[in-house]
Amino acid sequence: MDRTQPSRVASSGRLYITRHPALAATAIVAAGLTAMVRYKRYSLTRNELAQKSSSPDHPNFYVSVERSGGGI
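These numbers were taken from a predicted model, which means no experiment stands behind them.

Draft legend 1. Quick peek at the confidence of the model for the chain. Taken over all residues, the pLDDT of the chain has a mean of 76, while the share at 70 or more is 67%. The element-level mean pLDDT for the chain is lowest in helix α1 (residues 8–11), coming to 48, with helix α3 (residues 21–52) highest at 91.

Draft legend 2. Seen up close, the side chain of Ser43. One can find Ser43 in helix α3. We classify Ser43 as buried; its relative accessible area is 9%. Polar side-chain contacts of Ser43 include one of 2.9 Å to the backbone oxygen of Lys40.

Draft legend 3. Highlighting a nonpolar patch on the surface. A contiguous nonpolar surface patch, about 300 Å² in accessible area, is contributed by Val29, Leu33 and Met36. When you line up the elements, Leu33 lands in helix α3.

Reading guide: rules and limits
Residues numbered from 1 in each chain as written. Predicted model: local features only at pLDDT ≥ 70, side-chain atom pairs only at ≥ 80, totals over all residues. Heavy atoms only, no water. pLDDT = per-residue confidence, 0-100. Helix = DSSP H or I, 4+ residues; strand = E, 2+ residues; numbered from the N terminus. Buried < 20%, exposed > 50% of the residue type's maximum accessible area, 1.4 Å probe, protein only. Polar contact = N/O pair within 3.5 Å; in protein donor to acceptor, adjacent residues only side chain to side chain. Patch = residues over 30% accessible without salt bridge, like charges linked within 9 Å, V, L, I, M, F, W, Y side chains within 5 Å. Areas by Shrake-Rupley, 256 points an atom, 1.4 Å probe, with all protein chains shown as cover. Salt bridge = Lys/Arg side-chain N within 4 Å of Asp/Glu carboxyl O.

Structure representation (structure tokens):
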């Protein structure tokens, strides 16, 4: 009779991440890109609101600009 070997998952104490480093790297890159996009969107919104709400003592003559990329 042949002995069956236990599965690698049960015999190995390694984490799933260490056995799949490409998957871990992809997840880290995706999280970083998501964070960068969210930060950029937040900073654009914050700057837009800061320009709109300038004090009357220091007007900045704000003009809203459409950023859709379409022509005239």
